[in-house]
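Coordinates in review
Residues per chain, in single letters:
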Amino acid sequence: MKLSDLKENQHATIITINSSKIKRRLFDIGFVAGQRVECTNIGLGGTPIAYKICGSKIALRKKDADNIGVVM
């Protein structure tokens, strides 16, 4: 399942990040394997999407969230 598939208020655990272009940036802001994440808001048109992770809210473009694998 992709991170972008989460609906508002759903929780999941990150299992993988597939994009080498943004992998380092995502690691730096807390998107690492094993970390719990919650979808908090979805923008009009489906992007950007806000996630709560490590006590912070982070907004990602849908195309970037598509590269993060999660499990519910």
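Residues numbered from 1 in each chain as written. Predicted model: local features only at pLDDT ≥ 70, side-chain atom pairs only at ≥ 80, totals over all residues. Heavy atoms only, no water.

1. A word on the nonpolar core
To keep things clear, this is the line we draw: Put simply, buried Ala, Val, Leu, Ile, Met, Phe, Trp, Tyr and Cys residues joined by side-chain atoms within 4.5 Å make one nonpolar core. With a 1.4 Å probe rolled over the protein chains alone, any residue whose accessible area is under 20% of its type maximum counts as buried; one over 50% counts as exposed, and the rest are partly exposed. In DSSP terms, a helix is any run of H or I states spanning at least four residues, a strand is any run of E spanning at least two, and both are numbered starting from the N terminus.
L3, F31, Y51, L60 and I68 are the most contacted members of the largest nonpolar core, which totals 18 residues. Contributions of two or more residues to this core are made by β1 (11-17), β2 (36-42), β3 (49-53), β4 (56-60) and β5 (68-71).

2. Some points on the side chain of S4
Filter applied, for reference: In protein, a polar contact means a hydrogen-donor-capable atom and an acceptor-capable atom, both N or O and within 3.5 Å, with residues adjacent in sequence counting only if both atoms are side-chain atoms; elsewhere, any N or O pair within 3.5 Å suffices. Any two residues whose heavy atoms approach within 4.5 Å are treated as being in contact.
Take S4: it is sitting in the segment before β1. The class for S4 is buried, based on a relative accessible area of 11%. A polar atom in the side chain of S4 sits 2.4 Å from the side chain of D66. Sequence-distant contacts of S4, that is, excluding residues within four places in its chain, are made with I49, Y51, K62, A65 and D66.

3. Some points on the pattern of salt bridges
For clarity, the threshold we go by: One speaks of a salt bridge when a side-chain nitrogen belonging to Lys or Arg is within 4 Å of a carboxyl oxygen belonging to Asp or Glu.
Inspection of the entire model under this criterion finds 4 salt bridges. The closest approach of N and O atoms between D66 and K2, which form a salt bridge, is 4.0 Å. Here D66, found in the loop between α2 (62-65) and β5, pairs with K2, found in the segment before β1; they are 64 residues apart in sequence, far enough to count as distant. On the basis of relative accessible area, D66 is assigned to the partly exposed category, the value being 24%.

Structural measurements only, silent on function.
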